[in-house]
Amino acid sequence: MRIASGRDMLVSITAVFLLAGVLGAQVPGTGAITGSVHDPSGLVVTKAMVSAVNESTDATRTAVTNSAGVFSMALLSPGNYSVTVNVPGFAENTLHSVRVVVSETSSVEFRLAIKTVGVSLQVSADEEIAQSQSSTLGRAVLPEAVQALPLSSRNYTQILSLSPGVEVALPNATALGRGSQNVSANGAKTTANNVQFNGVDANNLAQNSVENATEEVGVAIPAPDTIEEFKVQTANYDASYGRGVGANVDVVSKAGSNHFHGEVWEFLRNNILNANDFFVKLEGQARPELKQNQFGGSVGGPIWRDKTFFFGAYQGLREVNGFGAKATAVLPQLTSDRSAATLGAQFCPTSPGRASAAYQTFAGGTQVACNGSNISPVALALLNFKFANGQYAIPSPQVNLPASSGQFPIGLSTYVIPATYNEDQYTADLDQMFTARNQLSARFFYARAPWYLPFSPNAATVPGWPTNELDQNAMLVLSDTQVVNPNLIHIFRFGYMRFDGIASISNPISAAAVGTVSPTGTTGPASAPGITVDGLFTL
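What counts as what
Residues numbered from 1 in each chain as written. Predicted model: local features only at pLDDT ≥ 70, side-chain atom pairs only at ≥ 80, totals over all residues. Heavy atoms only, no water. Helix = DSSP H or I, 4+ residues; strand = E, 2+ residues; numbered from the N terminus. Buried < 20%, exposed > 50% of the residue type's maximum accessible area, 1.4 Å probe, protein only. Contact = heavy atoms within 4.5 Å. Areas by Shrake-Rupley, 256 points an atom, 1.4 Å probe, with all protein chains shown as cover. Polar contact = N/O pair within 3.5 Å; in protein donor to acceptor, adjacent residues only side chain to side chain. Phe/Tyr/Trp six-rings, centres within 6.5 Å; stacked < 30°, edge-to-face > 60°. Lys NZ or Arg CZ within 6 Å of the ring centre and 35° of its normal. Core = buried A, V, L, I, M, F, W, Y, C linked by side-chain atoms within 4.5 Å. Disulfide = S-S within 2.5 Å. Pairing = 2+ DSSP bridges. Patch = residues over 30% accessible without salt bridge, like charges linked within 9 Å, V, L, I, M, F, W, Y side chains within 5 Å. Salt bridge = Lys/Arg side-chain N within 4 Å of Asp/Glu carboxyl O. Axes fitted to C-alpha atoms, helices over the stretch in contact; angles between N-to-C directions. pLDDT = per-residue confidence, 0-100.

## Notes on the overall build of the chain
Logical step 1: Each helix and strand in the chain was counted, giving four helices and 26 strands.
Logical step 2: Put simply, the chain has 539 residues, and 50% of those count as buried.
Logical step 3: Taking the intrachain contacts of the chain between residues at least 6 apart in sequence as the baseline, contacts between residues at least 24 apart amount to 68%.
Logical step 4: In the structure as shown, the chain presents an accessible area of about 24900 Å², 59% of it carried by carbon and sulfur atoms.

Here it is in structure tokens:
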């Protein structure tokens, strides 16, 4: 058995101080609101009191307009806000449903009316078509789009190609596993991208790739139902996103609110409507299995209204897939009688009616005697080795190819043994509002996914040498936001990311079982060496 592992751990600590008057540099995982206030004649209004209230949690942020009548609120959690302006002598003006998007600055404008008894203006915000506060190329994908778009394995990386300048390979709906996709932004390498989870680096530093690379685990893929939104930036982003030259992907998870909310889901795919693979059918094999079942649920709400909120989710994935584990082997036309005498007679070049050239040994090898007397005992033991299920390690071909002059008698086998992939992932988010000026947030994600591959990469082309792999992703983000005053905000973040992959490749034949020793001379139980029969098969 050979074991390969890929384990990476990243711990990051960041502290951010931001002057609210400088909105050009946003911080990953947050957004901002800026705007101006004018009186009925169009003149700017200074020292106007502006408040923004998160419509889900009632968290409040305040600001005051400057000498140009402009206000700004930075480092806001994504979501919908109600923005209210209060100025003595003018009617209160409230703009509802102002959307704060991760890494973007939402722009609003207020025109006040003279105050009369009982007058208060209530307005709903319109969706911004263009980003007037930034030249960054990119756009956020909101939860409605993440959940509504058809994704073969409910993987958000499959819609990264909707962003401008992004190229991605065509998704393979029959691929085993999560179905993550590497993307190339504006011609950059697929390893030049930067993925952040709630404002913290979430890249696998060993390969910096979204996809798995053998036992190197790719980026964590939370269920779409746990993602509040994600933003893909492909050009003109500021220095706070300066890690890579490709795309910046900023993923923000959902949080609890003052209202209980939850959902359950079940996505099923089975063999009923599946077609057979063209080449598998051509070779006379049955339609491979392809079953996928994704299920789970989420719930969120208040623990203490306006103070403490929670959100939790679970998703399971169960997949049986024969399309992603197809192997083809060219095999000699062996029978169940594999004695030395039978093998010698079967492959003797001087047998009557046989084209001897097809049976001759080339490249200096020893010709098989017609009575089999010179066949190696190790080769004979290997040809007769059987697994516990009675199957030969070197099987007979499923289909014997027609004999032809000068051609060694061979056959062809196509195997579509199902591979399996099972993932369980857990999400737990907690928010605590200590005061209107201090908020603590915790975001946790864990996924565990064991694989079974009936054929190991770059190994045997016949059954019996599988790979068992275990992939794990763990992410923890702690964030403490402190509003010192409307013009100075501090965010402290702690991040822990772990990528853990380990693969064990089975070698079911021991050296002792076939009468040989380890080629390296190691003591104790040793596996038989790998063997490749040129032009035919590999063990």
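## Here's the deal with the side chain of Asn258
Logical step 1: Note that Asn258 resides in the loop between strand E16 (248–253) and strand E17 (261–269).
Logical step 2: Looking at Asn258, its side chain comes within polar contact range of the side chain of Asp58, at 3.2 Å.
Logical step 3: If we ignore the near neighbours within four places in the chain, the residues touching Asn258 are Ser56, Thr57, Asp58, Pro302, Arg305, Asp306 and Phe309.

## Focus on the packing of aromatic side chains
Logical step 1: Tallying each qualifying case throughout the model produces nine aromatic pairs.
Logical step 2: Residues Phe385 and Phe387 carry aromatic rings whose centres are separated by 5.9 Å and whose planes lie at 80 degrees to one another, so their mutual orientation is edge-to-face. For the pair Phe385 and Phe387, a shared accessibility class is recorded, and that class is buried.
Logical step 3: Three or more aromatic residues link up through ring pairs in this structure, and these residues are Phe295, Tyr314 and Tyr426.
Logical step 4: Seen from the ring of Tyr392, Arg338 lies directly overhead, with NZ or CZ sitting 3.7 Å from the centre.

## Quick word on the nonpolar core
Generally speaking, nonpolar side chains in soluble globular proteins are found buried as a group.
Logical step 1: Counting 30 residues, the largest nonpolar core has Tyr156, Phe197, Phe230, Val249, Met475 and Met497 as its most contacted members.
Logical step 2: Among the elements that line this core, the one with the most residues is strand E15 (residues 227–235), at three residues.
Logical step 3: Sequence-distant contacts of Phe197, defined by excluding residues within four places in its chain, comprise Ala202, Pro222, Val251, Ser253, Arg443, Phe445, Met475, Val477 and Met497.

## Comments concerning the state of the cysteines
Logical step 1: A complete count under the given rule lists one disulfide for this structure.
Logical step 2: Disulfide partner of Cys348: Cys370, at an S-S distance of 1.7 Å. What sets the handedness of the Cys348 and Cys370 disulfide is the S-S torsion sign, and at about 40 degrees it is right-handed. Here Cys348, found in the loop between helix H3 (340–346) and helix H4 (377–384), pairs with Cys370, found in the loop between H3 and H4; they are 22 residues apart in sequence, far enough to count as distant.
Logical step 3: Assessed through its relative accessible area of 37%, Cys370 is described here as partly exposed.

## Concerning the pairing of strand E19 (residues 308–321)
Logical step 1: Judged by how many residues are buried, E19 sits mostly within the fold: 10 of 14 residues are covered.
Logical step 2: Two elements, strand E18 (residues 290–304) and E19, share 14 bridges in a ladder whose sense is antiparallel. Within E19, the residue paired with Asn293 across the bridge is Arg318.
Logical step 3: Between E18 and E19, which follow one another and run antiparallel, lie three residues, and Asp306 among them has a positive phi close to 65 degrees.
Logical step 4: Here E19 runs beside strand E23 (residues 419–435); their pairing, made up of 14 bridges, is antiparallel.

## Looking at the sheet that holds strand E20 (residues 327–332)
Logical step 1: In spatial order, the strands read E20-E22-E21; together these three strands make up an open sheet with antiparallel pairing. The open sheet is flanked by E20 and strand E21 (399–400), the only strands paired with a single partner.

## Let's talk about a nonpolar patch on the surface
Logical step 1: Taken together, the side chains of Phe278, Phe279 and Leu282 define a hydrophobic patch exposed on the protein surface, amounting to about 380 Å² of accessible area.
Logical step 2: One can find Leu282 in helix H2 (residues 278–282).

## Observations regarding the pattern of salt bridges
Logical step 1: With the rule as written, the count across this model stands at 10 salt bridges.
Logical step 2: The partner of Asp225 in a salt bridge is Arg154, and the shortest N-O contact between them spans 2.3 Å. Here Asp225 is found in the loop between strand E14 (200–201) and E15, whereas its partner Arg154 is found in the loop between helix H1 (143–148) and strand E11 (166–168), with 71 residues between them in sequence.
Logical step 3: Looking at Arg154, the relative accessible area reads 10%, which means it is buried.
Logical step 4: We note a salt bridge from Glu423 to Arg178, for which the minimum N-O separation is 3.1 Å.

## Examining the sheet that holds strand E2 (residues 31–38)
Logical step 1: Spatially, the three strands line up as an open sheet ordered E5-E2-E8, and their pairing is mixed. In this open sheet, the two edge strands, each paired with only one partner strand, are strand E5 (70–76) and strand E8 (105–111). When the angles between neighbouring strand axes are averaged without regard to direction, this sheet yields 15 degrees.

## As for the environment of Ser504
Logical step 1: Within the element layout of this structure, Ser504 appears in strand E26 (residues 488–505).
Logical step 2: Taking the C-alpha atoms as reference, Ser504 lies 8.5 Å from Pro466; in sequence the two are 38 residues apart.

## Considerations on the side chain of Ser82
Logical step 1: As for its placement among the helices and strands, Ser82 is situated in strand E6 (residues 79–86).
Logical step 2: Engagement of the side chain of Ser82 in a polar contact is seen with the side chain of Glu55, the distance being 2.8 Å.
Logical step 3: Among the polar contacts made by the side chain of Ser82, one reaches the side chain of His96 at a distance of 3.0 Å.
Logical step 4: With near-sequence residues (within four places) excluded, Ser82 lies in contact with Ser51, Ala52, Val53, Glu55, Thr94, Leu95, His96 and Ser97.

## Details of the confidence of the model for the chain
Logical step 1: Within the chain, residue pLDDT values average 83, and 87% of them lie at 70 or more.
Logical step 2: This stretch, residues 20–25, has a pLDDT under 50; its non-local contacts, to residues over four places away or in other chains, come to 14 contacts.

## So, the environment of Thr226
Logical step 1: Note that Thr226 resides in the loop between E14 and E15.
Logical step 2: Each C-alpha atom, one on Thr226 and one on Pro143, is 8.9 Å from the other, the two residues being 83 residues apart in sequence.
Logical step 3: When sequence neighbours within four positions are dropped, the list of residues in contact with Thr226 reads Ser253, Lys254, Phe311, Ala313 and Thr427.
Logical step 4: A distance of 2.8 Å separates a polar atom in the side chain of Thr226 from the backbone oxygen of Ala223.

## Concerning the environment of Leu488
Logical step 1: Its place among the elements puts Leu488 in strand E26.
Logical step 2: Sequence spacing of Leu488 and Ala74 is 414 residues, and the spatial spacing of their C-alpha atoms is 9.3 Å.

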